[in-house]
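# Observations on chain architecture
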Amino acid sequence: MIRVLYVDDDADIREIALLAFSLDPMIEARSAATGMAALDILASWLPDIVLLDVMMPELDGPGTLLRLRQNPATAALPVVFITARAQKQEIQNFAMLDAKGVIAKPFDPMTLAQQVRAFLP
Amino acid sequence: MSADEPWLDGLRQKFLARLAEEHAAFCALSEAADREGIIARAHKLAGIAGMLGAPQIGEAALLLEETARSGDAYAAPCAALIDALAAATNTTPR
């Protein structure tokens with residue numbers, strides 16, 4: 001079973017993502033509305049990959065990733081950013097933050113699970 | 001497009017039903033020259049519209065967000081988004 005944590009402040013997009021992951025019987029997905037909420041979940045539930053919206057209030061995606069890297073329990077978690085129309089420079093910046101990659105938003109719900117699987121060994 | 005998937009019907013109907021509210025909100029934000037409010041609302045709309053069968057609204061919202069965030073004058077892309085929302089609202093079964 002592949003465990004996925006999807007973090008986005010937009011409730012409708014979280015719902016779409018969870019519905020999309022539910023199409024894949026080998027994926028168990030949870031969601032969080034903020035970076036802080038994600039850190040709370042990760043304290044008791046470790047996924048195989050974390051998907052982070054870039055722009056979120058309070059603690060944004062890059063800030064959440066930095067917090068993950070500072071915690072030995074989550075330091076090695078693969079993280080993928082979800083962002084609209086990512087520029088080349090922005091993608092390079094994400095790579096420097098040790099992100100595995102970027103999924104463009106709006107994403108295709110029918111292929112989201114497949115895109116996520118491609119980031120895993 | 002994926003938004004044709006039956007399992008997205010409920011969300012799509014909910015989204016279409018709130019387009020009139022989005023139209024009114026952008027009119028008010030534009031009138032108030034609320035750049036930060038426009039950036040925040042356009043960001044949310046850009047994220048969801050393309051997934052639920054309204055790519056033209058998503059593109060217009062993304063252009064508005066990027067323009068307003070850059071500090072440039074955003075009146076034209078804001079007007080374009082408001083027009084797109086008005087058109088979608090007028091053609092959406094109520």
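The rules behind the values
- Residue indices follow the written sequence of each chain, beginning from 1 at its first position.
- Each chain is given a letter, starting from A, and each ligand a number, starting from 1, according to the order in which they appear as written.
- In keeping with the predicted nature of the model, local features appear solely for residues at pLDDT of at least 70, side-chain atom pairs appear and are counted solely at 80 or more, and the whole-chain, interface and lining totals rest on all residues.
- Contact criterion: two residues are in contact if their C-beta atoms, reconstructed from the backbone, are within 7 Å.
- Per the convention used, a helix needs a DSSP run of H or I reaching at least four residues, while a strand needs a run of E reaching at least two, with both numbered from the N terminus.
- Amino acids outside the nonpolar list (Ala, Val, Leu, Ile, Met, Phe, Trp, Tyr, Cys, Pro) and the charged list (Asp, Glu, Lys, Arg) are all regarded as polar, and Gly is one of them.
- Partly exposed residues are those whose C-beta has more than 12 but fewer than 20 other C-beta atoms within 10 Å; with 20 or more the residue is buried, with 12 or fewer it is exposed, and the C-beta atoms are placed from the backbone.
- The arc in question is the one spanned by the directions pointing from the helix axis to the C-beta atoms.
- Along the chain, pLDDT gives the predictor's confidence residue by residue, from 0 to 100.
- The axes used here are C-alpha line fits, helices contributing only the stretch in contact, and every angle between their N-to-C directions lies in the interval 0 to 180 degrees.
- Angle categories are assigned with fixed cut-offs, so that under 35 degrees is roughly parallel, over 145 is roughly antiparallel, 65 to 115 is roughly perpendicular, and the rest are oblique.
- Should the near helix be turned anticlockwise from the far one by less than a right angle, the crossing is termed left-handed; should it be turned clockwise, right-handed.

## Observations regarding the interface of chain B and chain A
Opposite the 15 residues of chain B that make contact, chain A presents 15 residues. Of all the elements in the fold, those that place two or more residues in the side of chain B that touches chain A are helix H1 (9-17), helix H3 (35-49) and helix H4 (55-70) of chain B. Considering each element in turn, the side of chain B that touches chain A owes the most residues, five residues, to H3 of chain B. In terms of residue class, the side of chain B that touches chain A is made up of eight nonpolar, five polar and two charged.

## Re unusual backbone geometry
Note: most peptide bonds trans; most residues except glycine with negative phi. All names here are of chain A. Along the chain, Lys 105 connects to Pro 106 via a cis peptide bond; the corresponding omega equals 5 degrees. Of note, Pro 106 is situated in the loop between strand E5 (101-105) and helix H5 (112-117). Unusually for a residue other than glycine, Glu 58 sits at a positive phi of about 70 degrees. Tracing the backbone through its elements, the reader meets Glu 58 in the loop between strand E3 (49-53) and helix H3 (61-70). The phi torsion at Asp 98 lies on the positive side, around 75 degrees, for a residue other than glycine. Given 14 C-beta atoms within 10 Å, Asp 98 falls into the partly exposed group.

## Brief notes about helix H2 (residues 35-42) of chain A
All names here are of chain A. Every buried residue of H2 is accounted for by Gly 35, Ala 38 and Leu 42. One side of H2 holds all its buried residues, which, seen down the axis, span an arc of 55 degrees. Looking at the packing, one finds that the buried side of H2 touches strand E1 (2-7), strand E2 (27-32) and H3.

## Some words on the confidence of the model for chain B
All names here are of chain B. For chain B, the average pLDDT comes to 89, and 91% of its residues sit at 70 or higher. No element of chain B has a lower mean pLDDT than H1, at 88, and none a higher one than helix H2 (residues 19-31), at 96. Two summary scores accompany this predicted model of the complex, namely pTM at 0.85 and ipTM at 0.73.

## Regarding the packing of H2 of chain B against H3 of chain B
Residue and element names in this part refer to chain B. Look at H2 against H3: their axes get within 10 Å of each other, and the N-to-C directions meet at 155 degrees. Here H3 runs roughly antiparallel to H2, going by the angle between their axes. Note that H2 runs across H3; the crossing there is left-handed. Between H2, through Glu 22, Ala 25, Phe 26 and Leu 29, and H3, the contact on the second element is made entirely by Gly 37, Ile 38, Arg 41 and Leu 45.

## So, the packing of H3 of chain B against H4 of chain B
Residues and elements named next belong to chain B. Direction vectors running N to C along H3 and H4 enclose 150 degrees, while the axes themselves pass 8 Å from each other. The chirality of how H3 crosses H4 is left-handed. Between H3 and H4, the contacting residues are Arg 35, Ile 38, Ile 39, Ala 42, His 43, Leu 45, Ala 46 and Ala 49 on the first element and Pro 55, Ile 57, Gly 58, Ala 61, Leu 62, Leu 64, Glu 65, Ala 68 and Arg 69 on the second. Here the residues of the contact of H3 with H4 are counted per class, giving twelve nonpolar, two polar and three charged.

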